[in-house]
Each structure stands twice: as C-alpha cells, then as structure tokens.
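# Working through the structure, step by step
Chain by chain, the residues run as shown.
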Amino acid sequence: MSDIDTVLVLNAGSSSLKYQLVQPDSGFVVAHGVVERIGESQGRVDLIRGDEVNEFVGEIVDHEAGLSKVFELFSGVGHDLESEGITAVGHRVVHGGPQFYRPTVVDDALIDAIKDLETLAPLHNPVNLLGIEATRRLLPDVPSVVVFDTAYFHGLPEHVATYAIDRELAREHHIRRYGFHGTSHQYVSTRTAEFLDADLEDLNQIVLHLGNGASASAIAGGRPVETSMGLTPLEGLVMGTRSGDIDPGVVMYLRRAAGLDVDEIDVVLNRQSGLKGLCGENDFRSLIEMVSGGDPDATLAYNVYIHRLRKYVGAYMVTLGRTDTIVFTAGVGENNAKVRADALAGLENFGIVVDAVRNATRSREPRIISTDDSAVTVLVVPTNEELAIARQSVEALS
Ligand code: ADP
C-alpha cells in the first residue's frame, strides 16, 4: 500500500461512467477513462495510464459491470486497485436540494436522502446513485464521499436565490435557485486568484463555464453572488441540448397547443433544445464547421448562443459593480477562441479588450488573453472538477 492518498473520482451519467484515479495533494492523475454505452450490446471501457491505453469492447449490462471491467483492466496491466491504495471514492451528485451543501460521507441515510431528492433532479440524481451503489458493492471497505454540484451556491444572497412566485408554494416545495457546476466555479475562481498571485477576497470575478452544459457565475471576493442555473440546470445560457432561459409560458403553451405531457416537455427542453434544437448539432466543433460552411441554422444557433452569453456578462458586470476578471473554462470556453472573441467583442468602453494573438494561442495552462491595458483581465483557466472532488473527499474524511 502506498502512503500517498489516491482517490477514485466517479461521475456517473445515464449510460456512461467517467472515472479518474487522482492524487489530491499533487493533482497527479494515476489513470483515467470512461465506460460508455452502458446497457447496450456494444459498450466500451478504456483505461488510460500514462502512455498506456487499454480497452474493452463488448456488452456492459449495468454500471456495476462497467466498474468491474475498469478494475479488470487495472489488474490486466499488473496494477490491481489494492496496490494503488485508494483511500476514498469521490462521487459527483448533481442536486443536493436544500439540505446538502457540504461534501458528505456516504451511508444508508444519505442514499435514502438522495433518493428523496429525485423529484428535484429526475434526470441526474438517480443515475449518480448507480455509481455510488456500484462502488459500495465492489469496494466495500473504501469510504465514499458525495460532492454536490449545488453546494457552492448554497449561500447565494436570498434575493438572488428567490423566484418571484407564490411564497407558500415555493416554501412547501423547496423551489429556489440552487445553481449547478458549483465545483467547477469554485475551483476555477480559486485557481484564477492563485494564478494572478492575488487574494481571492480582493477579486470580483465572472466565470463562464461553457461545456455541453453551460453556466455563468458572479463571484465577489470569493463569495458567489449570482449564477445562471436555477432550480434545475435548465435555466440560463443556451447549452448543447438545453434551452436555457425561456418564457415559462412556453411550457404551458406546449401542453395546451402541442398536447405534450410534462415528461415529454422535460425531454424537449433538456435534450432536444439548445444548439441541437436549433441546428441539429450539439457538439461545438461540428457546429463551428457548419457555420464556416454557411449553414443558416447553425449560424442562427451560434448567434443565439453568443447573444445570451453577452447578456449574462452585462448583467453580472452590473451585479458586481466592479469586475476584475472574466474567466472562460470547460470544453468550449477552454478551446474555442472564436466564442471568447465574439462574447467580448466591442466592449472596450467597458474596459474589456481581448488580445487576438493571446486569445488564439493554445495551451492547457491558465493564461491571460486580454491586453496589458485592459481594465478587466480576461483569462482561460482549465477546470478540474475531478481534482476538486478528490480534495473535498479527503477533507470530508479527515
Ligand atoms: P461536459 O463536461 O458538459 O460534457 P465539456 O466541458 O467536455 O462538456 O465540453 C464539451 C464541448 O466542448 C463540446 O461541445 C465540444 O465540441 C467542445 N470542445 C471540446 N474540445 C474542443 C476543441 N478542441 N475545440 C472546440 N470545442 C471543443
């Protein structure tokens, strides 16, 4: 057994399981990979360990079978998991509801409580639980910790978290703005302060997490004061397959005019909207190719996406009063220079000047992409939710 902490971090989706074995102190990634197409006859598991890549292709009946395959791949390359000395398993769970806002050690009561939150997050929490239950059976002696995606935003100011709806109904059903991607917003804002050699407490930041899911946050002196997602991850920016903000009247109208029931509307807004709904494509790389090729639907989708993003930047600048940094992160934010340029174009009067050469430079490291005389420092800071979950898991157990 090694005496260095190693944490297995799991992010379970409905048909996939992303995992990473990481040393929380150094951030060293021992191994990582993904189990894909769980429940289908042609599933796939990979294990990437340094330069070695090992793969299994075949049927994966459920999450537990997928995780067993990962363990088999480990022993196949002569590294059974025992010898890696896993000290904890860290799980991402999307919705913590009103009661969970700290990393929490898994026991039967927590599992029951997460099940009770199912109505708040029907698309996410039940599949996150599959990962927890699989590790409890396969690694019964290793403690598991849950890190909730909503936790960081628990302390949003009351007037920000409150929807202007009937207060009794809201109270009875715990309807408020919870916010999501919290682990990422917290990690990236903290990392930005470290990178700039500044105190987190001294910085007013806007963080734009642009992945397949997308969210913005305003963070004043290390404290989140606004975020774009709400009761569910559906509110806010235009996303890969989610609409983001719409008039809630659309929901009633779809019920009455299109005859869709609630579950069907849920699917439309979460899985068939956003970029995919507008042009049939939710992957940003393909979308950009379509835009370059002159596809009118893709062009409109791109313009709707950028317009929404700019609206949020403007709103958050006013919320903060003074903005020190605007930080791009996640798949699109880290890799797509055009989105960054278009999101902040023409804002010189607001003290925001992106440097074209810096913006076009590719790197996996945090970097400044604004000019030296830009009053607002614009950065790209890669997120690392796995490392943040690993660190919080070890902390919760100590
Ligand atoms: P999530 O974790 O929400 O699934 P990611 O943060 O991995 O999403 O982001 C996925 C998005 O990032 C996709 O739209 C993908 O096209 C985009 N993306 C990833 N890599 C690149 C790249 N090199 N250039 C442009 N877009 C990229």
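Residues numbered from 1 in each chain as written. Predicted model: local features only at pLDDT ≥ 70, side-chain atom pairs only at ≥ 80, totals over all residues. Heavy atoms only, no water.

### What to know about the site of the ligand
- Near the ligand there are 13 residues, and of these Asn 212, Asp 283, Phe 284, Gly 331 and Asn 335 occur at the shortest range.
- Between an oxygen atom of the ligand and a main-chain N or O atom of Asn 212, the distance comes to 3.1 Å.
- Within the side chain of Asp 283, a nitrogen or oxygen atom sits 2.9 Å from an oxygen atom of the ligand.
- The fraction of the free accessible surface of the ligand (580 Å²) that becomes covered by protein chains is 69%.
- Those elements that place two or more of their residues in the shell around the ligand are α11 (284–292) and α13 (330–335).
- Take the shell around the ligand: its biggest share by element is four residues, from α13.
- Split by residue class, the shell around the ligand holds three nonpolar, six polar and four charged. (Near = heavy atom within 4 Å. Polar contact = N/O pair within 3.5 Å; in protein donor to acceptor, adjacent residues only side chain to side chain. Areas by Shrake-Rupley, 256 points an atom, 1.4 Å probe, with all protein chains shown as cover. Helix = DSSP H or I, 4+ residues; strand = E, 2+ residues; numbered from the N terminus. Nonpolar A, V, L, I, M, F, W, Y, C, P; charged D, E, K, R; others polar.)

### Overview of the sheet that holds strand β2 (residues 17–22)
- With mixed pairing, the eight strands of this open sheet are ordered in space as β5-β4-β3-β2-β1-β6-β8-β7. Among the strands making up the open sheet, the edge pair consists of β5 (52–58) and β7 (104–105).
- Here strand β3 (residues 29–36) pairs with strand β4 (residues 43–49) via three bridges, running antiparallel. Among the inter-strand pairings, His 32 is bridged to a residue of β4, identified as Ile 48.
- Sheet strands in contact with helix α3 (residues 108–116) are β6 (86–93), β7 and β8 (144–148), and its direction is about 30° off that of β8. (Pairing = 2+ DSSP bridges. Contact = heavy atoms within 4.5 Å. Axes fitted to C-alpha atoms, helices over the stretch in contact; angles between N-to-C directions.)

### Re the packing of α3 against helix α4 (residues 125–138)
- α4 packs onto α3 with a crossing angle of 160° between their chain directions and a minimal axis gap of 10 Å. One element, α3, and the other, α4, form an angle in the roughly antiparallel class. Regarding α3 and α4, the two cross each other, and that crossing is left-handed. Seen from α3, the contacting residues are Asp 108, Ile 111, Ile 114 and Lys 115; seen from α4, they are Asn 125, Leu 129, Ile 132, Glu 133 and Arg 136. (Parallel < 35°, antiparallel > 145°, perpendicular 65-115°, else oblique. Left-handed = near helix turned anticlockwise from the far one by under 90°.)

### Details of the sheet that holds strand β12 (residues 325–329)
- One open sheet holds the six strands; their spatial order is β11-β10-β9-β12-β14-β13, and the pairing between them is mixed. Here the strands that pair on one side only, and so sit at the sheet edges, are β11 (223–227) and β13 (367–368).
- In the sheet, strand β9 (residues 204–210) pairs with strand β10 (residues 214–220) via seven bridges, with the strands oriented antiparallel. The residue of β10 that forms the bridge with Leu 208 is Ala 216.
- Helix α12 (residues 296–320) rests against β9, β10, β11 and β12 of the sheet, and its axis sits at about 160° to β9.

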